[in-house]
Amino acid sequence: MAKIIDGKLISAKEREIIAEETATLKNSGITPGLAVIIVGEDPASKVYVRNKEKSCIEVGFNSWVIRMPEETKEEELLAKIDDLNADSEVDGILVQLPLPKHIDEKKVIAAICPQKDVDAFHLENTGRIMVGDYKYLPCTPAGIMTMLEHENIDVCGKECVVVGRSNIVGKPMAMLLLNKSGTVTVCHSRTKDLAEVTRRADILVVAVGRAEFITGDMIKPGAVVIDVGINRCEDGKLRGDVHFESAEKTASAITPVPGGVGPMTITTLLKNTLTAAKARAEKSLN
Ligand code: NAP
């Protein structure tokens with residue numbers, strides 16, 4: 001049976017350190033602050049935003065949630081981002097995705113000042129990841145790298161397979177594994193014989209968005225399996241992209257859903273915001 005990688009526990013340890021560093025920073029007069037903008041009423045987005053707000057408060061950050069109606073015009077959202085860019089108390093800005101269809105997501109992300117882009121979606125920050133010279137890492141892939149470190153799983157020289165090539169998970173995940181000298185293969189909907197590829201993986205990261213898509217027979221015995229998927233099923237339960245019951249019989253270690261990658265994503269967001277606040281503190285000294 002596979003070892004369960006407890007994302008909640010790792011996250012709690014990481015957040016303790018963040019809270020300690022925040023307390024130190026506050027003593028020097030700087031409180032890290034994260035502003036989250038949510039446009040519309042998407043129920044899942046509302047839950048994510050609430051969790052982010054709660055997590056910020058728990059570690060001692062300032063947290064602002066700006067709720068804008070569904071019919072908000074693109075220029076109104078851009079103007080709000082401009083205000084936050086100029087606000088010296090705000091270290092990080094996050095616009096909760098997805099946005100309503102009439103708003104251009106790319107334009108919105110480009111409007112966030114790269115120094116405050118704690119989601120690391122701005123082209124400047126994604127470019128920095130390519131060359132391995134970054135300030136902020138994208139939250140979900142970086143959270144996964146932190147989990148692997150905590151579990152003493154060395155990526156160097158390992159066969160790593162990432163299923164999914166989204167800009168927010170799959171592609172940056174592949175880049176971070178490559179930066180750690182993994183031998184990386186990225187799969188997607190056009191991949192021929194997916195199981196043949198996944199069965200080669202020592203480290204398998206799955207970010208597809210289909211409940212229980214990867215089954216135990218697609219996993220190499222002893223592999224480390226990281227399940228990024230969050231799928232709300234008809235029975236109301238949350239399930240990952242990996243069929244947990246069959247996968248845990250084959251893998252050596254596996255992340256559960258919920259309680260695996262999810263908590264680590266917010267932890268990285270907090271880390272990035274703290275990094276931004278530290279930069280503000282340093283600037284104020286100069
Ligand atoms: P996405 O943008 O929809 O991307 C899904 C990827 O899966 C695409 O690259 C797609 O390939 C690939 N795919 C679809 N069907 C496939 C198939 N039959 N075989 C192989 N690949 C296939 O999704 P995402 O934003 O990366 O999210 C993926 C999952 O992770 C979702 O469940 C999401 O809710 C979850 N998620 C969780 C967290 C967290 O914090 N835990 C954070 C972000 C996302 P093509 O490119 O060819 O279409």
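See the structure shown above.
Residues numbered from 1 in each chain as written. Predicted model: local features only at pLDDT ≥ 70, side-chain atom pairs only at ≥ 80, totals over all residues. Heavy atoms only, no water.

Trainee: How would you explain the pairing of strand 4 (residues 92-95) if you had to name every residue and give the values?
Mentor: Of the two faces of strand 4, the one lined by Gly-92 and Leu-94 and the one lined by Ile-93 and Val-95 are each fully buried. With 4 bridges connecting them, strand 2 (residues 33-39) and strand 4 associate as parallel partners. Bridge pairing in strand 4 links Ile-37 to Val-95. (Buried < 20%, exposed > 50% of the residue type's maximum accessible area, 1.4 Å probe, protein only. Helix = DSSP H or I, 4+ residues; strand = E, 2+ residues; numbered from the N terminus. Pairing = 2+ DSSP bridges.)

Trainee: So what's going on with the sheet that holds strand 1 (residues 3-4)? Residues and values would help.
Mentor: Pairing within the open sheet is parallel, and its 6 strands lie in the order 1-11-8-7-5-6. Looking at strand neighbours, the two that pair on one side only are strand 1 and strand 6 (183-187), the edges of this open sheet. In terms of strand pairing, strand 8 (residues 224-227) meets strand 11 (residues 253-254) through 2 bridges, oriented parallel. Bridge pairing in strand 11 places Val-224 opposite Ala-253. Against the sheet, helix 7 (residues 170-179) contacts strand 5 (159-163), strand 6 and strand 7 (203-206), and its axis sits at roughly 170° relative to strand 5. (Contact = heavy atoms within 4.5 Å. Axes fitted to C-alpha atoms, helices over the stretch in contact; angles between N-to-C directions.)

Trainee: Provide a residue-level description of the sheet that holds strand 4, including the pertinent values.
Mentor: Pairing is parallel across the open sheet formed by 3 strands, whose spatial order is 3-2-4. For this open sheet the edge positions go to strand 3 (62-68) and strand 4, each flanked by a neighbour on one side alone. Taking the axes of each pair of neighbouring strands and ignoring which way they run, one obtains an average angle of 15° across the sheet. Relative to strand 3, strand 2 runs parallel, the two being bridged by 7 bridges. Note on strand 3: the bridge partner recorded for Val-36 is Val-65. Against the sheet, helix 3 (residues 74-86) engages strand 2, strand 3 and strand 4, with an angle of about 175° to strand 2.

Trainee: Before we move on, could you go through the packing of helix 6 (residues 139-150) against helix 7 and cite the residues and values that matter?
Mentor: Remark: helix 6 packs on helix 7, axes separated minimally by 9 Å, with the N-to-C direction vectors making an angle of 40°. Handedness of the crossing formed by helix 6 with helix 7: right-handed. Contacts between helix 6 and helix 7 involve Pro-141, Ala-142, Ile-144, Met-145 and Leu-148 from the former and Pro-172, Met-173, Leu-176 and Leu-177 from the latter. Class assignment of the residues belonging to the contact of helix 6 with helix 7 gives a composition of 9 nonpolar, no polar and no charged. (Left-handed = near helix turned anticlockwise from the far one by under 90°. Nonpolar A, V, L, I, M, F, W, Y, C, P; charged D, E, K, R; others polar.)

Trainee: Summarise the packing of helix 1 (residues 7-27) against helix 10 (residues 261-285); cite the residues concerned and give the values.
Mentor: Axis separation between helix 1 and helix 10 bottoms out at 9 Å; the angle between their running directions is 15°. One way to sum up the angle between helix 1 and helix 10 is to call them roughly parallel. When you trace helix 1 past helix 10, the crossing you get is left-handed. Between helix 1 and helix 10, the contacting residues are Gly-7, Lys-8, Ile-10, Ser-11, Glu-14, Arg-15, Ile-18, Glu-21, Thr-22 and Leu-25 on the first element and Pro-263, Met-264, Ile-266, Thr-267, Leu-270, Lys-271, Leu-274, Ala-277, Lys-278 and Ala-281 on the second. Partitioning the contact of helix 1 with helix 10 into residue classes produces 10 nonpolar, 4 polar and 6 charged. (Parallel < 35°, antiparallel > 145°, perpendicular 65-115°, else oblique.)

Trainee: Explain the pattern of salt bridges residue by residue, including any values.
Mentor: Evaluated as defined, the whole model comprises 13 salt bridges. Between Arg-280 and Asp-91 there is a salt bridge whose closest N-O contact spans 2.7 Å. Taken together, the positions of Arg-280 in helix 10 and Asp-91 in the loop between helix 3 and strand 4 put the pair 189 residues apart, joining distant regions of the chain. Classification of Asp-91 by relative accessible area gives buried; the value is 4%. The salt bridge partner of Arg-128 is Glu-124, with a shortest N-O separation of 3.6 Å. With Arg-128 and Glu-124 both in helix 5 (residues 123-131), this residue pair falls 4 residues apart, about one helical turn. For Glu-124, a relative accessible area of 34% gives the class partly exposed. (Salt bridge = Lys/Arg side-chain N within 4 Å of Asp/Glu carboxyl O.)

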